[in-house]
Structure formats: structure tokens, C-alpha cells
Amino acid sequence: MSSPGRTSLTRRVTFAAAHRYRRPDLDDAQNAATFGLCARPSYHGHSYTCDVSVTGDVAPHTGMIVDLGVLDRILAEEVRERFDHRNINLDVPEFAEDGGLVPTGEELARFIAGVVQARLPAGVRVQRVVVAGRSGRRTSPGDARHGWLSARSASCSPAARRHGCAARPRGCSPLHRTGECAMPH
Ligand SMILES: [Zn+2]
């Protein structure tokens, strides 16, 4: 017999959004030194995938942790509506440049974990959120080989965060970066 608490359900929501990384307490040169290409002032776009895993007891009469329609509505309202075709720095107050969160994959994962958890029915918990972003394709002729400029993903587990585990960047090459936060048992 499987352990009910270990059963999870993962749904993917996608969105496209623009952002840049900028700390207001740093000047342009310091922001560029800290954040590289992502600090460029004119913003840039990514296509994001966001995988949200929830866990809880499987109800015997439905075989479900949560009604899929309920979860999808929450993801549509809290993730897609909030971020899709937006400028994250300008359109999402929590990521405002005058003191908000830097819109990295790690911070997006942590933020999404929080807002989704707040909407879930009793007994259902966010187990993990993974946010992966890719840059938009260049469309200039002859430059197609440079199509995907970067890919990164980050994940957040609220339970791990409660236990003091911060999302930790891994594989920090300019072309690919993954952040992961493992959940303790
Ligand atoms: Zn970026």
C-alpha cells in the first residue's frame, strides 16, 4: 500500500513574459557586473514553463488529491493571468524594481508556490514548483543558429524553505542555469 502523503499531482502552466534584473541600490555598472546580460535596460523576453506539484491525501471515492478543474483555475488565475504577456518588473507589483523581488526563476518559483498555496483547498499542499525560462527566438535572417540564447529553471519547495533551505543556483554557465530546492523527508 502506498503512503498517501507521498502521492503528488503535477500540472504545467506556460507563459511568456519580459523582465530584467536590476537592484535599485546598485548603479548600472554594478547591475551589469552582477546580472550580466539580464541587466540590460531594455528588458528581454522568455517563454516559461511552470510545473506545480501538489500533495495531499487521495480521496478514496474520487481517486484524486484535488479536483483538476480547481487546480487549473488557480494556476490560470495566479500564474498565467498574472504573468502572461506582461513585463514582470513593471506589471507585477511584487517584482517592482524599487525594492521588490528580482525576477529570477528562483524568486518566481518561490512566489508562485506562495500564491498557489494560499488558494488550495484544505489538506492540499504545494510540494514543489519548477520554473524554467527560455529566451525568445531571434528572428533576424541568417542568425537562426543563435535561436535559443539561454535556458534556466528553478524550483521551490515550501516545506524545504520552512526548514531553512534557500533555493540554490546550480550550473551557472551563461547558457543554462538550474536552481533547485530539495524537500526534506
Ligand atoms: Zn531573462
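Each remark here, short or long, concerns the structure printed above.
Quick summary incoming for the structure in this document.

Cut-offs used in this document
Residues numbered from 1 in each chain as written. Predicted model: local features only at pLDDT ≥ 70, side-chain atom pairs only at ≥ 80, totals over all residues. Helix = DSSP H or I, 4+ residues; strand = E, 2+ residues; numbered from the N terminus. Expected span 1.5 Å × (residues − 1). Bend = angle between axes of the 7 residues up to and from the residue. Buried ≥ 20, exposed ≤ 12 C-beta atoms within 10 Å, placed from the backbone. Contact = placed C-beta atoms within 7 Å. Pairing = 2+ DSSP bridges. Core = buried A, V, L, I, M, F, W, Y, C linked by C-beta atoms within 7 Å.

Moving on, we come to the overall build of the protein. Across its full length, the protein carries 5 helices and 7 strands. Order of helices (α) and strands (β) in the protein, N terminus to C terminus: β-α-β-α-β-α-α-β-β-α-β-β.

What follows covers helix H2 (residues 68-83). Here H2 spans 21 Å end to end across 16 residues, near enough to the 22 Å set by a 1.5 Å rise per residue. Taking the largest bend as the criterion, H2 deviates by roughly 35°, centred on Ala76. Those residues of H2 lying buried are Leu71, Ile74, Glu78, Val79 and Phe83. Against strand E1 (8-19), strand E2 (44-55), strand E3 (86-87), helix H3 (88-91) and helix H4 (105-117) lie the buried residues of H2. Directly beyond the C-terminal end of H2, a positive phi value near 55° is found at His85.

Of the pairings in the sheet, the one linking E1 to E2 comprises 12 bridges and is antiparallel in character. Paired with Phe15 across the bridge in E2 is Tyr48. Relative to E3, E1 is paired through 2 bridges, and the arrangement is parallel. If you follow Ala18 over to E3, its bridge partner there is Asn87.

Right, let's get into H4. Taking 1.5 Å of rise per residue, the 13 residues of H4 would be expected to cover 18 Å, and the 18 Å separating its terminal C-alpha atoms lies within 8% of that figure. Among the residues making up H4, those that are buried are Gly105, Glu106, Glu107, Leu108, Ala109, Arg110, Phe111, Ile112, Ala113 and Val116.

With that settled, the discussion passes to the environment of Val131. Within the secondary structure, Val131 sits in strand E4 (residues 125-135). Taking the C-alpha atoms as reference points, Val131 and Thr104, 27 residues apart in sequence, are found 9.3 Å from one another.

The subject of this paragraph is the nonpolar core. Nonpolar side chains in soluble globular proteins tend to be buried together. Core analysis: the largest hydrophobic core is formed by 27 residues, its most contacted members being Cys50, Val52, Val54, Ala109, Ile112, Val129 and Val131. Among the secondary structure elements, those contributing two or more residues to this core are E1, E2, H2, H4 and E4. Excluding residues that lie within four positions of it along the chain, Ile112 makes contacts with Cys50, Val52, Val79, Val129 and Val131.

Bringing unusual backbone geometry into the picture now. Positioned with a positive phi, Tyr43 is a non-glycine residue whose angle comes to about 65°. On the secondary structure map, Tyr43 appears in the loop between helix H1 (28-35) and E2. In this model, His85 sits at a positive phi of 55°, which is unusual for a non-glycine residue. Relative to the assigned elements, His85 resides in the loop between H2 and E3. Of the residues examined, His85 has 11 C-beta atoms within 10 Å and is grouped as exposed.

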